[in-house]
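# Residue-level structural notes
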Amino acid sequence: MTTPALLPLSGRRIPPLNLGPPSFPHHRATLRLSEKFILLLILSAFITLCFGAFFFLPDSSKHKRFDLGLEDVLIPHVDAGKGAKNPGVFLIHGPDEHRHREEEERLRNKIRADHEKALEEAKEKLKKSREEIRAEIQTEKNKVVQEMKTKEKKPLPAVPIPNLIGTHGGDPEDNDLREKREKIKEMMKHAWDNYRIYGWGHNELRPIARKGHSTNIFGSSQMGATIVDALDTLYIMGLHDEFRDGQKWIENNLDFSVNSEVSVFEVNIRFIGGLLAAYYLSGEEIFKIKAVQLAEKLLPAFNTPTGIPWAMVNLKSGVGRNWGWASAGSSILAEFGTLHMEFVHLSYLTGNPIYYKKVMHIRKLLQKMDRPNGLYPNYLNPRTGRWGQYHTSVGGLGDSFYEYLLKAWLMSDKTDHEARKMYDDAIEAIEKHLIRKSRGGLTFIGEWKNGHLEKKMGHLACFAGGMFVLGADGSRMDQAGHYLELGAEIARTCHESYDRTALKLGPESFKFDGAVEAVAVRQAEKYYILRPEVIETYWYLWRFTHDPRYREWGWEAALAIEKYCRVTGGFSGVKDVYSSTPTHDDVQQSFFLAETLKYLYLLFSSDDLLPLDHWVFNTEAHPLPVLHLANTTLSRNPAVR
Ligand code: DMJ
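Just so you know, these numbers come straight off a predicted model, no measurement behind them.

## Considering the state of the cysteines
Should the sulfur atoms of two cysteines be covalently bonded, the bond is a disulfide. Following the criterion strictly, the structure yields one disulfide and no others. Between Cys-462 and Cys-494 runs a disulfide, and the two sulfur atoms are separated by 2.1 Å. Classification of the bridge connecting Cys-462 and Cys-494 rests on its S-S torsion, roughly -95°, and on that basis the disulfide is left-handed. With Cys-462 in the loop between β13 (456-458) and α14 (463-470) and Cys-494 in helix α15 (residues 480-499), the pair connects residues that are 32 residues apart, well separated along the chain. The same class applies to Cys-462 as to Cys-494, namely buried.

Given below as C-alpha cells:
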C-alpha cells in the first residue's frame, strides 16, 4: 500500500550515523566512571582521617596489635579494669613498649605511603584530558555493547523447518531467456553496487546526488533498509558475495534500540519480511534473531484500547501514534491488516504465541464490525473501534489487507478457512461496487468514496491482477475461470497504462473519464517511482497461464526502466512518464531491489525457482514457506507451548 508518507520525500535531513549503544548502557558506563572517582575521594578522605586520628588519639603505646596472619590490623584493646571512661575503646597494656613503638612507626609509614599513593592516583585521573576520559567511557560502552551482543546471539528454540524447495536455480530453457535473466541480474548489480558505494547503511540511495536517502517511514535512523530488502533477491540471483556483505552489515550494525519513530507496516513488510525470507533461504540464524528483536520493538504499537495498532511506534520508548493526515485519528486498513504472514511466522519460529494472538485479535475485531455495502473502509479508529471516512480502495490504503487474507489461507496450506472466507466475501463486494469496464473495454478497479465510485485506478491497484489469479484455485462456487480472466483483464489494463505513455512506464494513477482511458490527468499523478505492481501481476499471470505475452510485457518494462531510469549512480524514478525527456526524482527505492527486479528475474526463470505451492510472497515480495498449521492455530507446532 502507499501512503502520503511514501510519496517522493521532502529531502528531510537525517542525523549522522549513530554507532553508539543505547542510552541506558551509555548512562551506566558514565556512572561507572564517576562512581570510581567518588570512591577514590572517599577512600583518600578516610585514609587522611585515619592518619590524623593516629596522632590525636590518646597514647597509642597502650594499644596492642594482634597479628592475624593476614594483614596488619589494629584491634581494639580490652580494658579489664572496672569503670573504664570510654567503654568503646578497649585497652590491653603490653609488656614490651619498645617493640610496640617500632610497630607503630611501621604502621604510620605504611598509612602515609598508601595515602600518598591514593592522592597521586586521584591527581593522575584529574590530569586526564576530556578526550582521554571520553575514550575511557567509550571503552566501557563498547564493553557493555559487546555484552549485549553476546546476549542477543542467544539461540532461539529449534523448530522443524518446513520443506524448502526451489531456493535457487531456475535456469531458463533457452538462450534468449537466459540472456534476459542475466540482464536483470546485471541491473540488480548496478543498483546494489552503487548503493554499496554511495549509500551503504543509509536506508536508500540518491543515485544522482550519490549519497544516502531516507524517508519518515524508516524513522530518523540509518537502518540499512535497502540491504535488508535486497537480501533475498541477491540470494536467488546467486550474488553470494553481495549477500554476505549485507549479512555482515546486519550482524555488526543493525540496531533497533534507537530513538526513532518508524512505520509499523513498512518495518514489518520490508525488515521483518526481508529478514525472515533471508533466514529461510540461507539458514543463517542471525536473520531470525534480528527479526525477533525487531518484532519485540513493534509490540508496544498494539497497546491501544482496541488492540488495533498505531501506524507508527518509537522503537525506544514504545510510544505509538497515527499519521496526522489519516481520517479521524484512524489507523489504516492496509497497514494494520498487513501483519499476518510475518507475525504467524514469528510465532512459529519462536514458540511465542504473542505475535499470532495480536494478528488474530485484529481479524476477530474486523469480523465483528458492520461493513457498509460489504466493503471494508480504509480507516479505523484504534481508540473507539469505529470506522473513519467511508473510503474503500484496492490501491493505496487498502490493497495488501485483501492480499494478506488470501495469503494467510495459502500460507496455512489452505487450512485457514476463516481467512479464505473473509477474502471471498471482500472480493465479491469489491467486484460488485468497485470493478467496472470502460467504454473502450478496459476493466478497471475504481475507488469507493461515501457511496460514489471514483473512476480512477492507482498503479498500486495493479497488483490485484496477480492476486485474482493466485486466488482462482479454491474460489467460491469454483469460479477459477472467472478469476483467471479477471486477473488477465487487470493485467491488460495496467499494460495499457504503460503503453499509452511516452516512456512506456506507468503513471502513479490513471483515469477512466469519457474519452480519457488509462491515462493520468493531473501532473501530480504522472510519476513512476520504480514500483513493482504491474510486473508482479505479469509474473503471476505467467506462472498460471504460460501465455508468452506476459514475458513480452515484462521485457518491455525492463527495457524502459533500463533506458529511462538508469543513471550512472543507480536507478531513479521519473517525474513525468508522458514527457520524452525524463526528469529524475533521484531516489532508488528499496522496493526496486526487493520487488521489481525480483519479479522480473522470476519472470525469466523456470517455474521450479520458488514454486508457488511451497512459497508465499509477502507484499514486499519476500518469499515465506507454506506452514502446515492446523486451522489457524499453532497447536501442532512443538515450539509453541
Ligand atoms: C511496496 O512497499 C509494497 O508492495 C507495498 O505493499 C505497497 N507498495 C510498495 C511498492 O510500490
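That covers the picture; the talk isn't over yet.
## Quick word on the environment of Ala-472
Among the structural elements, Ala-472 can be located in the loop between α14 and α15. When its relative accessible area of 3% is taken as the criterion, Ala-472 is described as buried. C-alpha of Ala-472 to C-alpha of Tyr-483: the two residues are eleven residues apart in sequence and 5.2 Å apart in space. Non-local contacts of Ala-472, meaning those with residues more than four positions away in its chain, are made with Ala-480, Tyr-483 and Leu-484.

## So, the packing of aromatic side chains
Applying the stated rule across the entire model yields 26 aromatic pairs. The structure contains a cluster of three or more aromatic residues connected by ring pairs, namely Tyr-376, Trp-387, Phe-401 and Tyr-402. Sitting above the plane of the Trp-200 ring, Arg-196 keeps its charged end 3.9 Å from the centroid. Positioned above the aromatic ring of Tyr-376, the side-chain terminus of Arg-371 is 4.7 Å from the ring centre.

## Describing helix α8 (residues 285-298)
Between the first and last C-alpha of α8 there are 20 Å, a value that for 14 residues agrees with the 20 Å anticipated at 1.5 Å per step. Most of α8 is tucked away, with eleven of its 14 residues classed as buried. Along α8, the positions that sit buried rather than exposed are Ile-286, Phe-287, Lys-288, Ile-289, Lys-290, Ala-291, Val-292, Gln-293, Leu-294, Ala-295 and Leu-298.

## As for the sheet that holds strand β8 (residues 391-392)
Spatially, the three strands line up as an open sheet ordered β8-β11-β12, and their pairing is antiparallel. In this open sheet, the two edge strands, each paired with only one partner strand, are β8 and β12 (452-454). In the sheet, strand β11 (residues 447-449) pairs with β12 via three bridges, with the strands oriented antiparallel. Note on β12: the bridge partner recorded for Trp-448 is Leu-453.

## A few points about the environment of Val-258
Note on placement: Val-258 falls in the loop between α6 (240-253) and β3 (261-263). Judged by relative accessible area, which is 11%, Val-258 ranks as buried. Separated by 35 residues in sequence, Val-258 and Met-223 have C-alpha atoms that sit 9.7 Å apart. With residues up to four places along the chain from it excluded, the contact list for Val-258 reads Ser-221, Asn-314, Leu-315 and Lys-316.

## Section: the side chain of Glu-517
Within the fold, Glu-517 resides in strand β15 (residues 516-519). A polar contact of 2.8 Å, which involves the side chain of Glu-517, links it to the side chain of Ser-438. Not counting residues up to four positions away in its chain, the partners in contact with Glu-517 are Ser-438, Arg-439, Gly-440, Leu-442, Arg-500, Lys-511 and Phe-512.

## Examining the nonpolar core
By size, the foremost hydrophobic cluster in this structure holds 166 residues, and its most contacted members are Ile-184, Met-457, Phe-468, Leu-505 and Ile-561. For this core, the element with the most residues is helix α7 (residues 264-282), which contributes twelve residues. Discounting residues that sit within four places of it in the chain, Ile-184 has contacts with Met-237, Trp-555, Ala-558, Leu-597, Leu-600, Tyr-601 and Phe-604.

## A short note on the UniProt feature "binding site: Ca(2+)" (unreviewed entry) in the protein
In this structure's numbering, the residues bearing the UniProt feature "binding site: Ca(2+)" (unreviewed entry) are Thr-619. Sequence-distant contacts of Thr-619, defined by excluding residues within four places in its chain, comprise Ile-269, Thr-338, Ser-400, Glu-403, Tyr-404 and Glu-595. Within polar-contact distance, the side chain of Thr-619 engages the side chain of Glu-403 at 2.9 Å.

## Some thoughts on unusual backbone geometry
Within the chain, Asp-478 stands out as a residue other than glycine whose phi angle is a positive 45°. With respect to the helices and strands, the residue Asp-478 is situated in the loop between α14 and α15. A positive phi angle is found at Leu-530, which is not glycine, with a value near 70°. Its location among the elements puts Leu-530 in the loop between β15 and α16 (533-545).

## Observations regarding the sheet that holds β15
Sheet architecture is open: three strands sit in the order β13-β14-β15, paired in antiparallel fashion. The sheet is open, and its two edges are formed by β13 and β15, each paired on a single side. Mean inter-strand twist for the sheet, computed between neighbouring axes without regard to direction, equals 15°. Pairing between β13 and strand β14 (residues 509-513): three bridges, direction antiparallel. Residue pairing in the sheet places Lys-456 in a bridge with Lys-511 of β14. Contacts between α15 and the sheet are confined to β13, β14 and β15, with β14 contributing the most and set at about 105° to the helix.

Scoring rules and cut-offs
- Numbers given to residues run from 1 along each chain, matching the order in which its sequence is written.
- The predicted origin of the model limits local features to residues at a pLDDT of at least 70 and limits the giving and counting of side-chain atom pairs to 80 or more, whereas totals for whole chains, interfaces and linings rest on all residues.
- Computation of side-chain values: all heavy atoms of the structure, hydrogens and water removed.
- We call a pair of cysteine sulfur atoms a disulfide whenever their separation is within 2.5 Å.
- In this description a helix means any DSSP run of H or I spanning at least four residues, a strand means any run of E spanning at least two, and both kinds are numbered starting from the N terminus.
- Any residue under 20% of the maximum accessible area for its type is buried, any over 50% is exposed, and the rest in between are partly exposed; the area is computed with a 1.4 Å probe on protein chains only.
- The contact definition used throughout considers only heavy atoms, calling two residues in contact when any of these lie within 4.5 Å.
- Aromatic pairs are defined between Phe, Tyr and Trp rings, using the six-membered ring for Trp, whenever the two ring centres lie within 6.5 Å; interplanar angles under 30 degrees are classed as stacked, those over 60 as edge-to-face, and all others as tilted.
- Here, a charge over a ring is recorded when the distance from Lys NZ or Arg CZ to the ring centre is within 6 Å and its angle to the ring normal is within 35 degrees.
- For a helix, the expected span equals 1.5 Å multiplied by the residue count minus one.
- Paired strands, as defined in this entry, are two strands with at least two bridges between them according to DSSP.
- Any N or O atom pair separated by 3.5 Å or less is treated as a polar contact, with the protein-specific requirement of one donor-capable and one acceptor-capable atom, and with residues adjacent in sequence counted only for side-chain atom pairs.
- Put simply, a nonpolar core is a bunch of buried Ala, Val, Leu, Ile, Met, Phe, Trp, Tyr and Cys residues held in one set by side-chain atoms that sit within 4.5 Å of each other.
- UniProt positions are given in the numbering used here, feature names are shortened, and annotations may be inferred rather than shown by experiment.
- Helix axes use the C-alpha atoms of the stretch in contact, all axes being lines fitted to C-alpha atoms, and the angles between their N-to-C directions lie in the range 0 to 180 degrees.

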